[in-house]
Amino acid sequence: MKHSYSTDDERWDALQRRAPDADGVFYYSVRTTGVYCRPSCAARPALRRNVAFHASCEQAEAAGFRPCLRCKPNLPPLAQRQAALVADICRLIDASDELPDLDSLAQAAGLSRFHFHRVFKAHTGITPKAYAAARRGERLKAGLQGAANVTETLYAAGFNSSGRLYAATPGLLGMTPGAFRDGGSGAVIRFAIGACSLGAILVASTDKGICAILIDDDPDVLLRDLQDRFPRAELRGAEPEYERTVAQVVGLVEAPGLGLDLPLDVRGTVFQQRVWQALREIPAGSTVSYAELARRIGAPKGARAVAGACAANALAVAIPCHRVVRNDGALSGYRWGVERKQALLEREGER
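Values in this document were obtained by computation on a predicted structure and should not be read as measured data.

S.K.: Explain the sheet that holds strand β8 (residues 234-237) to me, please; I cannot follow it from the model alone.
M.R.: To summarise the sheet geometry, strands pair through backbone hydrogen bonds and adopt either a parallel or an antiparallel arrangement. If you trace the four strands from one edge of the open sheet to the other, you get β7-β6-β5-β8, paired in mixed fashion. Two strands close off the open sheet at either side, each with one partner strand: β7 (210-216) and β8. Sheet twist, expressed as the average angle between the axes of neighbouring strands with direction ignored, equals 25°.

S.K.: When you look at the environment of Gly194 in this model, what are you seeing that I'm missing?
M.R.: Among the secondary structure elements, Gly194 is positioned in strand β5 (residues 188-196). It is 9.0 Å that separates the C-alpha atoms of Gly194 and Glu243, two residues lying 49 residues apart in sequence. Residues contacting Gly194, with those up to four places away along its chain left out, are Gly199, Ala200 and Ile201.

S.K.: What is the right way to look at the packing of aromatic side chains in this model?
M.R.: Aromatic ring pairs are reported here in terms of the distance separating the ring centres and the angle at which the planes meet. A complete count under the given rule lists four aromatic pairs for this structure. Judged by centre distance (5.6 Å) and plane angle (80°), the rings of Phe26 and Phe53 are edge-to-face. Note that Phe26 is positioned in the loop between α1 (8-17) and β1 (27-30) and Phe53 in strand β3 (residues 51-54), a separation of 27 residues in sequence. Overall, the relative accessible area of 1% leaves Phe26 in the buried class. Phe53 sits in the buried class, given a relative accessible area of 12%. Their ring planes at 55° and their centres at 5.8 Å tell us that Phe116 and Phe120 sit as a pair that is tilted. On the criterion of helical spacing, the pair formed by Phe116 and Phe120 is a turn pair, its members being four residues apart in helix α5 (residues 113-124). Site record: aromatic cluster; members linked through ring pairs are Tyr5, Phe26 and Phe53.

S.K.: Please clarify how the sheet that holds strand β2 (residues 35-37) should be interpreted in this entry.
M.R.: With mixed pairing, the four strands of this open sheet are ordered in space as β3-β1-β2-β4. The open sheet has two edge strands with one neighbour each: β3 and β4 (66-67). Note that β1 and β3 share four bridges and pair antiparallel. Its bridge partner lying in β3, Tyr27 is registered against His54. Relative to β3, α1 is tilted by about 110°, and along the sheet it contacts β1 and β3.

S.K.: How should I be thinking about the environment of Ala106 in this particular structure?
M.R.: On the secondary structure map, Ala106 appears in helix α4 (residues 102-109). Given a relative accessible area of 3%, Ala106 falls into the buried group. In this structure, the C-alpha to C-alpha distance between Ala106 and His117, residues eleven residues apart in sequence, is 7.7 Å. Non-local contacts of Ala106, meaning those with residues more than four positions away in its chain, are made with Leu111, Ser112, Arg113 and Phe116.

S.K.: Would you mind showing me how to read the nonpolar core here?
M.R.: Note that soluble globular proteins tend to have their nonpolar side chains buried in a common cluster. Grouped together as the largest cluster of nonpolar side chains are 54 residues, with contacts concentrated most on Ile201, Val275, Leu279 and Leu293. Ranked by the residues each element gives to this core, the list is headed by β7, at six residues.

S.K.: Quick question: what am I supposed to make of the packing of helix α3 (residues 78-95) against α4 here?
M.R.: A pair of packed helices is characterised by two quantities: the angle between their axes and the separation of those axes. As a packed pair, α3 and α4 sit with axes 10 Å apart at the nearest point and diverge in direction by 135°. Between α3 and α4, the angle falls in the class oblique. The hand of the α3/α4 crossing is right-handed. Contacts between α3 and α4 involve Leu85, Ile89, Leu92 and Ile93 on the former and, on the latter, Leu105, Ala108 and Ala109. When the residues that make up the contact of α3 with α4 are grouped by side-chain class, the tally is seven nonpolar, no polar and no charged.

Cut-off values and rules
Here the residue index of a chain counts from 1 through its sequence in written order. Per-residue local features are limited, in this predicted model, to residues with pLDDT of at least 70; the limit for side-chain atom pairs, both in listing and counting, is 80 or more; totals at the level of whole chains, interfaces and linings are taken over all residues. Heavy atoms from the whole structure form the basis of all side-chain values; hydrogens and water molecules are not counted. Paired strands, as defined in this entry, are two strands with at least two bridges between them according to DSSP. Put simply, DSSP marks the helices as runs of H or I at least four residues long and the strands as runs of E at least two long, and each gets a number from the N terminus on. Note on geometry: axes are lines fitted to C-alpha atoms, helical ones only across the stretch in contact, with angles between N-to-C directions running from 0 to 180 degrees. Contacts between residues were defined by any pair of non-hydrogen atoms, one from each residue, lying within 4.5 Å. Working definition: rings of Phe, Tyr and Trp (its six-membered ring) pair if their centres are within 6.5 Å, and the pair is stacked with planes under 30 degrees apart, edge-to-face with planes over 60 apart, and tilted otherwise. Each residue's exposure class comes from its accessible area (1.4 Å probe, protein chains only) as a fraction of the maximum for that residue type: buried when under 20%, exposed when over 50%, partly exposed otherwise. Within this scheme, the nonpolar core is defined by two criteria: the residues are buried Ala, Val, Leu, Ile, Met, Phe, Trp, Tyr or Cys, and they are joined through side-chain atoms within 4.5 Å. When an angle is under 35 degrees it counts as roughly parallel; over 145 it counts as roughly antiparallel; between 65 and 115 it counts as roughly perpendicular; any other value is oblique. Crossings are sorted by hand: turned counterclockwise from the far helix by less than a right angle, the near helix makes the crossing left-handed, and turned clockwise it makes it right-handed. Ten residues, namely Ala, Val, Leu, Ile, Met, Phe, Trp, Tyr, Cys and Pro, are considered nonpolar, four, namely Asp, Glu, Lys and Arg, are considered charged, and the remaining ones, Gly among them, are considered polar.

As structure tokens, this is what we get:
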């Protein structure tokens, strides 16, 4: 609950602490400088006898004070202004046929090249170039679903040559554009179903890396899930040389703190990839809440969307969504079952 700061003593204490939660609740003016500021302003501290408090910017200005040029109390908070700026740049990138260069984006934002890059990454969790590439990949995926012509789709997605498209698609699709359009037609996906202490486990890989680690009590459910994902792909099972890969993944499940030294084929939306990358940065033996994870990726109000991204994760344990818990520390929904989530956390020493 936000503090009311209803007395001058409380306001002075907030001012001494530069309390950010007091911003917007009240403002203070300094008689010797003639300016008014936010409580969190980093300006040199003033003497108490020179300070007066105001309920609004209008009240401070009516008393003859002008806004501080440092904290700009008459404008939205810096974080809010930066978030709006980044949102505008994201819309600019989305509307561009080709990725504008960093200098052009920085100029549009009214910031230096270095400062813009830092602000954009702080609010989105990825660089402008990575954002543009992921958005272009999303347009490509959406366009290929049911498309009759790959060439038309690639230009509509923002690729100005087929060479650039086919060079990029291993990271975007895990297969050629035509194969993706046709539900994996012509793509070879190797898989095997084994057993681990959590039940049946299915491991599948494209040429790029592991694309699915699925866990359930029923092996048939796992196979149907893979078939639904790639209805026209060539699924190759029971290859003896693939058993080593499965064994490494089973080892990860049995000792998740050891990590997995195998390439992954990770595909998802821009937001999902931000969440999944943040998940992989949570150390074994630690947990974070959905709200904290949302803050880490620069989306403090996106806890529900973060939970959705965790639920969409098809790489159990390798992308450790089991390390995310509710705000009160209690376990909540887990795609592979809450009991399995509990078991994984116990193996990592968290519980």
